[in-house]
Each structure stands twice: as structure tokens, then as C-alpha cells.
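Descriptive analysis of the structure
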Amino acid sequence: MTAPEPDRASAAQAFYSRWAPGYDRLATHAPGVRRLRTALVDVLDPAPGDTVVDIGCGTGATLPYLRDRVGSEGTVVGVDFAPGALIRARARIDRAGWENVIVCRGDGTRLPLRDADAVAASFLMGMLPDPAAAVENWLSTLDPDRIALLDLARSYRLPGRVINPLFRLAVRASSPPGTAAHHGESPTGVLDRRVAAAHRTMLGACAETNHETRLGGFVYLSAGRR
Ligand SMILES: C[S@@+](CC[C@H](N)C(=O)[O-])C[C@H]1O[C@@H](n2cnc3c(N)ncnc32)[C@H](O)[C@@H]1O
């Protein structure tokens, strides 16, 4: 598996640490985002008592939805490599008083964990240099029964397709500094390619699958049961 390129990985960690407060507001309150997180957890379908890992958990915006489903007997573990994002995630956990939700610093491509009932990743796959290998690694090391991915990428259907140029600008503007140029490929091209590879790999490795697009085709939601 390709590990994150060091410069890009440290630029992304610095970016998500520095902008964690603003990102947290967006991740929690942006129009439609709550519905997307609910949809992610619905298709993942964790049961009470399950152990669920949220890879690239950021400021922890999906943690409450997962905690709701696993209840007080289950466990939710968030992993992220940006210390500033984890500070926000820990504050969220402390505010809620959850004793069975923890977050730890780690590289999502080399997980410091073993065994989970379910794995979720939201808005992460476009940041991983080799997302297909990352998904394969999660399936082999965590051996989950269920996995779900939620991502943004370019829309291939109308009416969303018409506003792809705006989407491209937004992707460029929100790329961590120094990470936009990528061997001549546009940031949106990289994002599309990575999201497609991750979802394809996950869907191909699972027996029962579910794939849908939302919000004009910009949101890709895939889930599988093994
Ligand atoms: C766009 S944010 C999404 C955060 C969260 N999943 C959400 O839905 O709001 C992407 C997150 O992935 C983290 N990330 C990116 N690459 C990572 C890696 N290789 N290992 C761990 N975390 C990573 C970043 O630090 C950032 O917090």
C-alpha cells in the first residue's frame, strides 16, 4: 500500500488542525450534511453493542450518529492524523459525556487497530494516495461485517453536471496548500479517480452492496456487508 506522501500528509495535517474550528461548523451545520451522515449510518446499519471505527473522523461530526446506534454497550473509535481535528473531536465527546467513544491519532492507511464490526469513512477517500489499497487493508486488518463510504466527487448526471465548474473551484479552494498540483492532474481529477477506486474496491469485496448518489450526483454513498 502507498503511504501518504510525507509533504502532502503533513500539509493535510496542518490544514485540518489549523482550520478545525471552521471545518467543524461546516461538518456539523452545512445544509444537508446531517441528512448525509444519517444516511451513512443507516446504510452502515451498526447494531447495539457493536464496535465501529470511523476512519479520518476529523472533528468527530459523525461520532454522535454512530454512538446513537451502538448505544452504551457498543464502542466507537475515531482515527485521524490531524491533532487539531482530534482536539475538537475530544471536546465533543467530553461535552456529551460518552465513555465508550474514543478518538486516537493514527494514519488511516496504517491503522493501529484490529477487529471491528463496522467501518465508516466520510469525505476521506479523495485524500488517500492509494484508496483501493486502504480499503483492502481495512477489510483485512479490521475484518468488519459492514463498511460504508460517503464522499464528494464530480457529478455525472443532470442537473448537477452543469455546476461541475463551480465544484472544481470549490475543490481547488479547499485543497490544503501545496497539495493542489498533482503530477499535472487537476485536484478534481485526483478526487474523482480516488473516490471511484475506493468505492469500486469496497463494492467488489462485499457480498450485499448498496450504492447511491445524492445532492445532484455530487455525493457518493456506498455500503457493503461481507
Ligand atoms: C474532509 S475531512 C472529513 C472529516 C470527517 N470524516 C467528516 O466527515 O467530517 C478529512 C479528514 O481526514 C483526515 N485524514 C486525511 N488523510 C488521513 C490519513 N491518511 N490518516 C488519518 N486521517 C486522515 C484529515 O485529517 C481530515 O480530518
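Throughout what follows, the structure given in this document is the object of discussion. Since we're looking at a predicted model, the values are computed, not measured.

Further remarks concern the overall build of the protein. Counting its secondary structure elements, the protein contains eight helices and seven strands. Oriented by its inertia axes, the alpha-carbon framework of the protein measures out at about 45 × 40 × 35 Å. By the burial criterion, 54% of the 226 residues in the protein qualify as buried. Considering only contacts within the protein whose residues lie at least 6 apart along the sequence, 72% involve residues at least 24 apart. Accessible surface for the protein amounts to roughly 10500 Å². Of this, 54% is attributable to carbon and sulfur atoms.

Glancing now at the sheet that holds strand β1 (residues 51-55). Read from one edge to the other, the open sheet built from seven strands follows the order β3-β2-β1-β4-β5-β7-β6, with strand pairing classed as mixed. With one partner strand each, in any of the chains shown, β3 (101-105) and β6 (208-214) form the two edges of the open sheet. On average, each strand axis in the sheet is inclined to that of its neighbour by 15°, with strand direction left out of account. Strand contacts of helix α3 (residues 33-44): β1, β4 (118-122), β5 (146-152), β6 and β7 (219-225), with the helix running at about 155° to β5, the strand carrying the most contacts.

Bringing the site of the ligand into the picture now. Tyr-23, Gly-56, Asp-80, Gly-108 and Ser-122 are the nearest of the 19 residues found near the ligand. Tyr-23 has a polar side-chain atom sitting 2.7 Å from an oxygen atom of the ligand. Note that a nitrogen atom of the ligand is positioned 3.1 Å from one of the side-chain N or O atoms of Asp-107. With the chains in place, 97% of the 590 Å² that the ligand exposes on its own is no longer accessible. Here the shell around the ligand is built from residues that sort into 11 nonpolar, five polar and three charged.

Here we take up unusual backbone geometry. The phi angle of most residues is negative, glycine excepted, and most peptide bonds adopt the trans form. In this structure, Pro-159 follows Leu-158 across a cis peptide bond, with omega equal to 5°. Tracing the backbone shows Pro-159 in the loop between β5 and α7 (164-173). Of note, the phi angle at Asp-45 is positive, near 60°, even though the residue is not glycine. Within the secondary structure, Asp-45 is located in the loop between α3 and β1. With phi around 45°, Asp-143 is a residue other than glycine that occupies positive phi space.

For helix α5 (residues 83-96), with 14 residues, the first-to-last C-alpha span of 20 Å sits near the 20 Å given by 1.5 Å per residue. Within α5 the residues assigned to the buried category are Gly-84, Ala-85, Leu-86, Ala-89, Arg-92 and Ile-93. Just beyond α5, the residue with positive phi is Gly-97, at close to 70°.

Glancing now at the nonpolar core. Of all hydrophobic cores here, the largest spans 25 residues; its most connected members are Leu-44, Leu-63 and Val-103. Secondary structure elements with two or more residues in this core: α3, α4 (63-70), α5, β3, β4, β5 and β7. Residue contributions to this core peak at five residues, all from α3. If near-sequence neighbours (up to four positions away) are discounted, Leu-44 is found in contact with Val-52, Leu-66, Ala-118, Val-119, Ala-120, Arg-146, Ile-147 and Ala-148.

Here we come to the environment of Ala-170. Following the sequence through the fold, Ala-170 ends up in helix α7. A relative accessible area of 43% means that Ala-170 is categorised as partly exposed. Separated by 18 residues in sequence, Ala-170 and Thr-188 place their C-alpha atoms 9.4 Å apart.

So, about the pairing of β7. Where burial is concerned, most of β7 is hidden: six out of the seven residues are buried. Sheet topology note: the β5/β7 ladder contains seven bridges and is antiparallel. Bridge pairing in β7 places Asp-151 opposite Tyr-220. As defined by bridge partners, β6 adjoins β7 across seven bridges and the pair is classed as antiparallel. Among the inter-strand pairings, Arg-214 is bridged to a residue of β7, identified as Val-219.

Where helix α2 (residues 20-29) contacts α5, the axes come no closer than 9 Å and their chain directions differ by 55°. With respect to α5, the element α2 is oriented oblique. In this structure, the crossing between α2 and α5 has a hand that is right-handed. The segment α2 lies against α5, with Ala-20, Pro-21, Asp-24 and Thr-28 engaging Gly-84, Ala-85, Arg-88 and Arg-92. Each residue belonging to the contact of α2 with α5 can be placed in one class, and the counts come to three nonpolar, two polar and three charged.

The rules behind the values
- Residues numbered from 1 in each chain as written.
- Predicted model: local features only at pLDDT ≥ 70, side-chain atom pairs only at ≥ 80, totals over all residues.
- Heavy atoms only, no water.
- Helix = DSSP H or I, 4+ residues; strand = E, 2+ residues; numbered from the N terminus.
- Buried < 20%, exposed > 50% of the residue type's maximum accessible area, 1.4 Å probe, protein only.
- Contact = heavy atoms within 4.5 Å.
- Areas by Shrake-Rupley, 256 points an atom, 1.4 Å probe, with all protein chains shown as cover.
- Pairing = 2+ DSSP bridges.
- Axes fitted to C-alpha atoms, helices over the stretch in contact; angles between N-to-C directions.
- Near = heavy atom within 4 Å.
- Polar contact = N/O pair within 3.5 Å; in protein donor to acceptor, adjacent residues only side chain to side chain.
- Nonpolar A, V, L, I, M, F, W, Y, C, P; charged D, E, K, R; others polar.
- Expected span 1.5 Å × (residues − 1).
- Core = buried A, V, L, I, M, F, W, Y, C linked by side-chain atoms within 4.5 Å.
- Parallel < 35°, antiparallel > 145°, perpendicular 65-115°, else oblique.
- Left-handed = near helix turned anticlockwise from the far one by under 90°.

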